[in-house]
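This is what each chain is made of:
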Amino acid sequence: EAGVAQSPRYKIIEKRQSVAFWCNPISGHATLYWYQQILGQGPKLLIQFQNNGVVDDSQLPKDRFSAERLKGVDSTLKIQPAKLEDSAVYLCASSLRNTYEQYFGPGTRLTVT
Amino acid sequence: QKEVEQNSGPLSVPEGAIASLNCTYSDRVSQSFFWYRQYSGKSPELIMSIYSNGDKEDGRFTAQLNKASQYVSLLIRDSQPSDSATYLCAVSPNDYKLSFGAGTTVTVRA
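The structure reproduced in this document is the subject of the present report. As the structure is a prediction and not an experimental result, all values here were calculated from the model.

1. Overview of the pattern of salt bridges
Residue and element names in this part refer to chain B. Evaluated as defined, the whole model comprises 7 salt bridges over all chains. Of the charged contacts, one joins Glu45 and Arg37 as a salt bridge, the two residues approaching to 3.1 Å between their closest N and O atoms. Judged by relative accessible area, which is 37%, Glu45 ranks as partly exposed. Judged by relative accessible area, which is 13%, Arg37 ranks as buried.

Printed below as a string of structure tokens:
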């Protein structure tokens, strides 16, 4: 069974630029999560999707971050404009509906200079 | 106040010893508790889940939960160098969303 796929794996941008991350969850997983993990901290949930609907985006900085999950499969997370403090690993995870076991992708390491 | 707190590391143990990791949480409605292992540069991997008070054993890992004290722990018996990683405690109030602690880094000395 293929795992959660993410791309790119690494991205370096300058502040005020925009960036987008892509995630393809495990086939059949209805729930998709985006997390931000800053160095030395645990993952922080940014947004949770159930199929193509948003369940929780309370911790998403909506002035600069946006996410979508069209057709209930792939998802993209966008940052525009980026700030220095956005430097982190962005993790995508997926799970079956109403289960706790989340499977994480390899993450995208973002460096904002 | 942090929602999930873990004992600060790093924790260094000799090979074959027991590594003891602690986690406290502030939200009393939390009902589900998890331990994730994260190797350096890799993504988190679920290793244990516990939902009721008491102990739960899985191989060399034992999770312990005390809801009254809002405390959950992880014991790693017969520690191996391959156990060297950061261990993340995560809690959920039963809505399938996880709140993670900052993690405790464990180093097993050969």
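2. Some details on the nonpolar core
All names here are of chain B. Residues Trp35, Val72, Leu74 and Tyr87 are the most contacted members of the largest nonpolar core, which totals 23 residues. Within the residue set of this core, elements represented by two or more residues are strand 3 (19-25), strand 4 (32-38), strand 5 (45-50), strand 7 (61-66), strand 8 (71-76), strand 9 (85-92) and strand 11 (104-109). Apart from residues lying up to four places away in sequence, Val72 is in contact with Leu21, Asn22, Cys23, Phe33, Trp35, Ile50, Gln64, Leu65 and Cys89.

3. Some remarks on the sheet that holds strand 6 (residues 54-58) of chain B
Residues and elements named next belong to chain B. Reading across the sheet, the 5 strands line up as 1-3-8-7-6 and stay open at both edges, with antiparallel pairing between neighbours. Of all the strands in the sheet, just strand 1 (4-6) and strand 6 have a single pairing partner and so form its edges. Strand-to-strand, the axes of this sheet are offset by a mean angle of 20 degrees, without reference to chain direction. Relative to strand 7, strand 6 runs antiparallel, the two being bridged by 5 bridges. Looking across to strand 7, one finds that Glu57 is bridged to Thr62.

4. A word on the state of the cysteines
Such a bond, covalent and formed between the sulfur atoms of two cysteines, is termed a disulfide. Residues and elements named next belong to chain B. A complete count under the given rule lists 2 disulfides over all chains for this structure. The residue that forms a disulfide with Cys23 is Cys89, at a sulfur-sulfur distance of 2.1 Å. Its S-S torsion of approximately -75 degrees makes the covalent link between Cys23 and Cys89 left-handed. Linking Cys23 in strand 3 with Cys89 in strand 9, this pair joins segments that are 66 residues apart in sequence. The class of Cys89 is buried, set by a relative accessible area of 0%.

5. A short note on the side chain of Gln37(A)
Relative to the assigned elements, Gln37(A) resides in strand 4 (residues 31-37). Looking at Gln37(A), its side chain comes within polar contact range of the main-chain oxygen of Gln41(A), at 3.0 Å. Polar contacts involving the side chain of Gln37(A) include one to the side chain of Gln38(B), which spans 2.9 Å. Ignoring any residue separated from it by four or fewer positions in sequence, one finds Gln37(A) in contact with Gly42(A), Pro43(A), Ala88(A), Val89(A), Leu91(A), Gln38(B) and Leu88(B).

6. What about the interface of chain B and chain A?
Tallying the contact residues gives 18 residues for chain B and 19 residues for chain A. Where chain B packs against chain A, one counts 1 salt bridge. Lys97(B) serves as the salt-bridge partner of Asp56(A), at 3.7 Å between the closest nitrogen and oxygen. Across the chain B-chain A interface, the total number found is 6 residue pairs in polar contact (both at pLDDT 80 or more). Counting only elements with at least two residues in the side of chain B that touches chain A, the list comes to strand 4 and strand 9 of chain B. Looking at the side of chain B that touches chain A element by element, the count peaks at 4 residues for strand 4 of chain B. Residues that form the side of chain B that touches chain A fall into these classes: 10 nonpolar, 6 polar and 2 charged.

So, how was this worked out
Residues numbered from 1 in each chain as written. Chains lettered and ligands numbered in written order. Predicted model: local features only at pLDDT ≥ 70, side-chain atom pairs only at ≥ 80, totals over all residues. Heavy atoms only, no water. Salt bridge = Lys/Arg side-chain N within 4 Å of Asp/Glu carboxyl O. Buried < 20%, exposed > 50% of the residue type's maximum accessible area, 1.4 Å probe, protein only. Core = buried A, V, L, I, M, F, W, Y, C linked by side-chain atoms within 4.5 Å. Helix = DSSP H or I, 4+ residues; strand = E, 2+ residues; numbered from the N terminus. Contact = heavy atoms within 4.5 Å. Pairing = 2+ DSSP bridges. Axes fitted to C-alpha atoms, helices over the stretch in contact; angles between N-to-C directions. Disulfide = S-S within 2.5 Å. Polar contact = N/O pair within 3.5 Å; in protein donor to acceptor, adjacent residues only side chain to side chain. Nonpolar A, V, L, I, M, F, W, Y, C, P; charged D, E, K, R; others polar.

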